[in-house]
Amino acid sequence: MFAGSPTKNPVSALFCLILALLLAGCAGSQSSDSGPVYTVKRGDTLYRIARSTGTSVKELARLNNISAPYTIEVGQKLKVSGATAKKSSSKSSGKTAAVTPSYAVPKSSWPPVGQRCWVWPASGKVVIPYSTSEGGNKGIDIAGTRGAPVYASDAGKVVYVGNQLRGYGNLIMIKHGEDYITAYAHNDSLLVNNGQNVKAGQKIATMGSTGSNTVALHFQIRYRATAIDPVRYLPAQGSKPKS
């Protein structure tokens, strides 16, 4: 938890930052005389466009005559369909409604356990567990000693290093592929730079109490911007994840 946080809603601030990092380069859909279309932006993949428009990858490929490995180009206009896209072509007050993708993932749709080999980001007892309640802890808090190592939970790219989000102290966020971001808060020293690639188990920081009243690491796993329970995906403490 973020005891003594001076902001009204630091969790919302972190969520917005994570969402922005996950969706960087994405663009919305629009309609044309031949139906709704999507303009490809930098960083898009056919899978990401399928998620945001409600059109399956198979249907996107069929509508736009795209064959495997489904290469697309920035600026390319793609025909889309699906429930979300159909809503985008409906008229409201004489204007076309914009596609508004939903990135909140219900618990029933969380990724299966074992899909990725996460490692524990720190040694210590989980003193505050994950909670699904409103305003609850959206990660886990691991108690420790000042200066203890903090590790990257999986290989990825560092997308945020700083302390601009008050209530989180010295914060590191790492992006793992298209769907995952991990967050490491309240660190003492930061040992990585923004844009740096890291390996699973690499030391990225030391434990501290910045933005908190006690020495502990606040750790989150975000799947498509939704906070999921890290303990569900981490191996048993003291063991190594299966390769």
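The protein goes by Peptidoglycan DD-metalloendopeptidase family protein in an unreviewed UniProt entry, where it is assigned to Silvania confinis. Under the UniProt heading Subcellular location (unreviewed entry), the note attached to the protein is "Cell inner membrane".

## Topic: the nonpolar core
Counting residues in each nonpolar core, the largest one holds 28 residues, and the members touching the most others are I172, I174, Y184 and I204. When neighbours within four sequence positions are excluded, I172 is seen to be in contact with V158, Y160, V161, T182, A183, Y184, N187, L190, V192, I204 and A205.

## Considering unusual backbone geometry
Positive phi outside glycine occurs at R224, with the angle close to 50 degrees. Here the phi dihedral of A225 falls at roughly 80 degrees; this positive angle occurs in a residue that is not glycine. Mapped onto the fold, A225 is located in the loop between strand 14 (216-223) and strand 15 (226-228).

## Quick look at the environment of T55
Its place among the elements puts T55 in the loop between helix 2 (46-53) and helix 3 (57-63). Accessibility expressed as a relative area gives 3% for T55, which makes it buried. Along the backbone, T55 and S81 are 26 residues apart, and their C-alpha atoms lie at a distance of 5.3 Å.

Criteria and cut-off values
Residues numbered from 1 in each chain as written. Predicted model: local features only at pLDDT ≥ 70, side-chain atom pairs only at ≥ 80, totals over all residues. Heavy atoms only, no water. UniProt positions renumbered as here; feature names shortened; annotations may be inferred. Core = buried A, V, L, I, M, F, W, Y, C linked by side-chain atoms within 4.5 Å. Buried < 20%, exposed > 50% of the residue type's maximum accessible area, 1.4 Å probe, protein only. Contact = heavy atoms within 4.5 Å. Helix = DSSP H or I, 4+ residues; strand = E, 2+ residues; numbered from the N terminus.

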